[in-house]
Amino acid sequence: MTGERSSFDVVIIGGAMIGSAVAWWLARDRDFDGSILVIERDPSFEFASTSHTNSCIRMQFGTKINVAISRFGLEFIGSFREFAGEDAPEIHLDDFGYLYLARDEPAADRLRTAQALQARMGAGTKLLSSGQLRAAFPFMRFDDVILGSHNPGEEGCFDGGTMFSEFRRRARKMGVEEARAEATGLRMAGGRVTHVELSDGSSVACGHVVNAAGPRAATVAAMAGIVLPVEPRKRYTFIFEAEDKLPRRLPLTVDPCGIHYRTDGGLYMAGCPPETDGPCDAEDFEMDHAIWEERVWPALAERIPAFERIRLRNSWVGHYAYNTLDQNALLGLHPGCDNLLFANGFSGHGLQQAPAVGRGIAEHIIHGGWRSLDLSPLSVARLVEGAPLTEAAVI
Ligand SMILES: Cc1cc2nc3c(=O)[nH]c(=O)nc-3n(C[C@H](O)[C@H](O)[C@H](O)COP(=O)(O)OP(=O)(O)OC[C@H]3O[C@@H](n4cnc5c(N)ncnc54)[C@H](O)[C@@H]3O)c2cc1C
């Protein structure tokens with residue numbers, strides 16, 4: 001299954017965006033000369049969150065750590081070739097910005113507080129009154145809106161697919177090995193994982209293990225006797241064409257009615273959770289076709305009258321790895337195991353966090369702690385302390 005070797009310094013379970021980012025950052029680090037194995041149950045990635053993502057990055061978070069992660073993500077996207085090499089492609093960012101809308105004072109206050117935090121951290125998010133919103137986006141109705149916030153230039157859709165394939169390709173070139181298998185068990189001794197057991201009956205000995213199993217992360221954690229509050233949750237995405245194109249790019253609008261929508265090249269994209277949000281089976285990707293007709297389209301047309309005349313072109317279901325504690329990433333070592341590192345629970349913002357998290361987990365393995373960016377506010381240890389990191393701006 002894994003070629004000649006039966007022992008690796010680092011074994012990564014899950015080879016999509018997060019697993020590949022960790023592998024790449026580790027392999028390129030001059031302070032690391034160990035062996036790395038990535039175990040992936042489905043190398044087509046057909047059902048991975050990474051393949052169903054909307055691939056956007058935003059500065060508009062409400063916690064310092066998430067803004068700091070995004071600041072690095074933006075730098076990484078803009079300077080990808082400096083990090084990856086002269087022969088690497090540029091990573092394109094369609095910087096239409098996110099547009100958050102508030103229709104009551106508590107929501108407006110959250111936007112003001114978040115904007116002030118973002119400004120302190122160097123982000124150019126602007127608050128817009130309802131008059132300013134009307135002037136900037138005359139094709140939208142804002143009768144129910146009292147404040148908005150927008151950050152064009154630093155937010156939008158980035159080419160996460162290219163970033164992911166470059167992580168993988170370059171990691172392989174630097175000697176990272178891949179195994180097509182499912183990790184089915186973790187053999188434990190003395191509070192450490194000694195071996196990862198694979199679906200073909202073989203096992204590999206390991207120094208460190210990284211849980212990068214996305215929506216299936218709780219299953220991997222349970223193999224070490226750890227309860228991880230991460231579950232698969234469905235998210236719907238719809239691609240549509242408008243008969244009358246809007247006069248400017250539509251920002252990723254986070255509508256208080258619970259859906260979001262944006263420009264998608266020459267088309268448009270909308271997304272939403274199911275009517276009743278909750279855990280789903282990891283194999284369940286069934287679409288609820290009524291939701292487009294009954295909920296999404298009416299809400300779009302309500303905000304943007306030109307969207308009365310639209311045609312649905314494509315739709316899909318993806319899974320968030322939904323962290324039920326606080327919808328934020330769960331990172332690093334859990335007190336229950338000395339050598340199992342977590343990189344899970346990203347909910348709706350894992351793709352943009354992959355550069356910072358991949359680097360962080362790699363440095364943690366090499367140096368025994370966070371280095372370039374202190375990711376401790378997102379430590380998985382907060383589960384034990386029962387201390388959620390509440391993020392007001394979740395999608
Ligand atoms: C509809 C939708 C829209 C999104 N939009 C955005 C966005 O705009 N911006 C953003 O930043 N994020 C977004 N996200 C979130 C983002 O896509 C995810 O956080 C990110 O892709 C997570 O990557 P991952 O590698 O952790 O998980 P995944 O991509 O799910 O990969 C996990 C991998 O682990 C493998 N695996 C699982 N268990 C095992 C096992 N036991 N053995 C071996 N392999 C295993 C799986 O096969 C899979 O390939 C969105 C997600 C969805 C669903």
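Per an unreviewed UniProt entry, the protein goes by FAD-dependent oxidoreductase and derives from Limimaricola cinnabarinus.

(A) Representation of unusual backbone geometry. Residue Phe-45 is not a glycine yet carries a positive backbone phi of 60 degrees. Within the element layout of this structure, Phe-45 appears in the loop between β2 (36–40) and α2 (49–52). With a relative accessible area of 6%, Phe-45 lands in the buried category. For Ser-55, which is not a glycine, the phi torsion comes out positive at approximately 55 degrees. Structurally, Ser-55 is set in the loop between α2 and β3 (56–57). Exposure remark for Ser-55: the relative accessible area of 11% places this residue in the buried category.

(B) Seen up close, the site of the ligand. Lining the immediate surroundings of the ligand are 37 residues, of which Glu-40, Thr-50, Cys-56, Ala-183 and Gln-352 lie closest. The contact in question runs from an oxygen atom of the ligand to an N or O atom on the backbone of Ser-55, over 3.3 Å. At 3.1 Å, a backbone N or O of Gly-350 approaches an oxygen atom of the ligand. With the chains in place, 95% of the 1000 Å² that the ligand exposes on its own is no longer accessible.

(C) Broad picture of the domain arrangement of the protein. Looking at the assigned domains, one finds that the protein contains domain 1 (7–55 + 160–229 + 325–385) and domain 2 (95–156 + 231–321). Distance from the C-alpha centre of domain 1 to the C-alpha centre of domain 2: 31 Å. Facing the 15 residues of domain 1 at the interface are 16 residues of domain 2. Contact between domain 1 and domain 2 buries roughly 1200 Å² in total, counting both sides, with carbon and sulfur atoms accounting for 51%. Interface area lost by domain 1 to domain 2 is led by His-52, Asn-54 and Pro-215, which between them contribute 46%. Where domain 1 packs against domain 2, one counts one salt bridge. Put simply, domain 1 and domain 2 have six residue pairs in polar contact (both at pLDDT 80 or more) between them. Per-class residue counts for the side of domain 1 that touches domain 2 are four nonpolar, nine polar and two charged.

What counts and how
- Residues numbered from 1 in each chain as written.
- Predicted model: local features only at pLDDT ≥ 70, side-chain atom pairs only at ≥ 80, totals over all residues.
- Heavy atoms only, no water.
- Helix = DSSP H or I, 4+ residues; strand = E, 2+ residues; numbered from the N terminus.
- Buried < 20%, exposed > 50% of the residue type's maximum accessible area, 1.4 Å probe, protein only.
- Near = heavy atom within 4 Å.
- Polar contact = N/O pair within 3.5 Å; in protein donor to acceptor, adjacent residues only side chain to side chain.
- Areas by Shrake-Rupley, 256 points an atom, 1.4 Å probe, with all protein chains shown as cover.
- Domains from an automatic or database assignment.
- Contact = heavy atoms within 4.5 Å.
- Buried area = accessible area lost by both parts, 1.4 Å probe.
- Salt bridge = Lys/Arg side-chain N within 4 Å of Asp/Glu carboxyl O.
- Nonpolar A, V, L, I, M, F, W, Y, C, P; charged D, E, K, R; others polar.

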